[in-house]
Amino acid sequence: AQSVTQLDSHVSVSEGTPVLLRCNYSSSYSPSLFWYVQHPNKGLQLLLKYTSAATLVKGINGFEAEFKKSETSFHLTKPSAHMSDAAEYFCVVSDENSGNTPLVFGKGTRLSVIA
Amino acid sequence: DTAVSQTPKYLVTQMGNDKSIKCEQNLGHDTMYWYKQDSKKFLKIMFSYNNKELIINETVPNRFSPKSPDKAHLNLHINSLELGDSAVYFCASSHNFAGGEDGYTFGSGTRLTVV
């Protein structure tokens, strides 16, 4: 069965500094991996996805993530944080070959951006 | 045009009452879901339907009953509400369980408060 571990429950950065949100996954097959963002009192928005094409994936709002099979990681990065990036971020895994198994969410990482 | 819309956005009700949350998607997706997000932001799958057929029914009290009149709608009815049912409930839809190219599209959530 697939699972994801988000290594930090809370990350705090200063505006203009880099962002790193860490995610490790476990999957029996070739996974699809996603990052979702949830702003306060809002729904979930897809940031980016990896589906076995390029290992470096670019998403919206300047975020990107790199799939590293050897490390079973899919960390989310952004070169320069903006105040509007403050939100909850979820790493999500799916197995294309696992039949009727829905997306599995990590427990989330809360990103705070300090002015 | 909202892709996945759920109503109501907020619901405050007394213990013991029965309430329903409605969800509609206009994306032509075959699969719909209900997720529950607790106070720690953890997202857990509750139900999933594919073309009006129940596929996933996690360990949810049988006071919760989903209904899918057609593949564009998935409603959630809750009987005899309890304090522990207080949470944010998210509806989502996708082409298939793996999420495909677009992942899951989420509604904006229904914040249920049981008093």
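Residues numbered from 1 in each chain as written. Chains lettered and ligands numbered in written order. Predicted model: local features only at pLDDT ≥ 70, side-chain atom pairs only at ≥ 80, totals over all residues. Heavy atoms only, no water.

Asks: Describe in detail the environment of glutamine 2 of chain A, supporting the description with residues and values.
Replies: One can find glutamine 2 of chain A in the segment before strand S1 (3–6). A C-alpha to C-alpha distance of 5.2 Å links glutamine 2 of chain A and serine 26 of chain A, two positions 24 residues apart in sequence. (Helix = DSSP H or I, 4+ residues; strand = E, 2+ residues; numbered from the N terminus.)

Asks: Describe the sheet that holds strand S1 (residues 4–7) of chain B, naming the residues involved and giving the relevant values.
Replies: All names here are of chain B. Within the open sheet, the four strands sit side by side as S1-S3-S8-S7. Their pairing is antiparallel. Of all the strands in the sheet, the pair left with one neighbour each is S1 and strand S7 (64–70). Ignoring strand direction, the axes of neighbouring strands in this sheet form an average angle of 15°. Across five bridges, the pairing between S7 and strand S8 (residues 73–78) is antiparallel. Residue phenylalanine 64 lies in a different strand from S8, and its bridge partner there is isoleucine 78. (Pairing = 2+ DSSP bridges. Axes fitted to C-alpha atoms, helices over the stretch in contact; angles between N-to-C directions.)

Asks: Could you give an account of the interface of chain B and chain A, naming the residues involved and the relevant values?
Replies: One frequently used descriptor of interface size is the decrease in accessible area upon assembly of the parts. Listed as interface residues are 24 residues of chain B and, on the opposing side, 23 residues of chain A. Between chain B and chain A we count five residue pairs in polar contact (both at pLDDT 80 or more) in total. Of all the elements in the fold, those that place two or more residues in the side of chain B that touches chain A are strand S4 (31–37), strand S5 (43–50) and strand S6 (53–57) of chain B. Broken down by element, the side of chain B that touches chain A gets its largest block of residues, three residues, from S4 of chain B. Residues that form the side of chain B that touches chain A fall into these classes: twelve nonpolar, six polar and six charged. (Contact = heavy atoms within 4.5 Å. Polar contact = N/O pair within 3.5 Å; in protein donor to acceptor, adjacent residues only side chain to side chain. Nonpolar A, V, L, I, M, F, W, Y, C, P; charged D, E, K, R; others polar.)

Asks: I'd like to hear about the environment of arginine 110 of chain A, residue by residue, with values.
Replies: All names here are of chain A. Its place among the elements puts arginine 110 in strand S12 (residues 109–114). Along the backbone, arginine 110 and tyrosine 89 are 21 residues apart, and their C-alpha atoms lie at a distance of 6.3 Å. If sequence neighbours within four positions are ignored, arginine 110 has contacts with Ser9, His10, Val11, Ala87 and Glu88.

Asks: Talk me through the packing of aromatic side chains; I want residue IDs and the actual numbers.
Replies: Across all of its chains, the model carries 16 aromatic pairs over all chains by this definition. Geometrically, the ring pair formed by tyrosine 25 of chain A and phenylalanine 67 of chain A is stacked, given 5.7 Å between the ring centres and 25° between the ring planes. You can see tyrosine 25 of chain A sitting in strand S4 (residues 23–26) and its partner phenylalanine 67 of chain A sitting in strand S8 (residues 64–68), a full 42 residues away along the chain. Phenylalanine 67 of chain A carries the same exposure label as tyrosine 25 of chain A, and that label is buried. Summarising the aromatic geometry, the rings of tyrosine 104 of chain B and phenylalanine 106 of chain B are spaced 6.5 Å apart at their centres and angled 35° between planes, so their arrangement reads as tilted. Each member of the pair, tyrosine 104 of chain B together with phenylalanine 106 of chain B, is buried. An aromatic cluster is built from Phe34, Tyr36, Phe90 and Phe105 of chain A together with Tyr33, Tyr35, Phe90, Tyr104 and Phe106 of chain B, whose rings are joined through pairwise contacts. Between lysine 107 of chain A and the ring centre of phenylalanine 42 of chain B, over which it is positioned, the NZ or CZ distance is 5.9 Å. (Phe/Tyr/Trp six-rings, centres within 6.5 Å; stacked < 30°, edge-to-face > 60°. Buried < 20%, exposed > 50% of the residue type's maximum accessible area, 1.4 Å probe, protein only. Lys NZ or Arg CZ within 6 Å of the ring centre and 35° of its normal.)

So, to be careful, I would describe these as geometric facts and stop short of saying anything about function.
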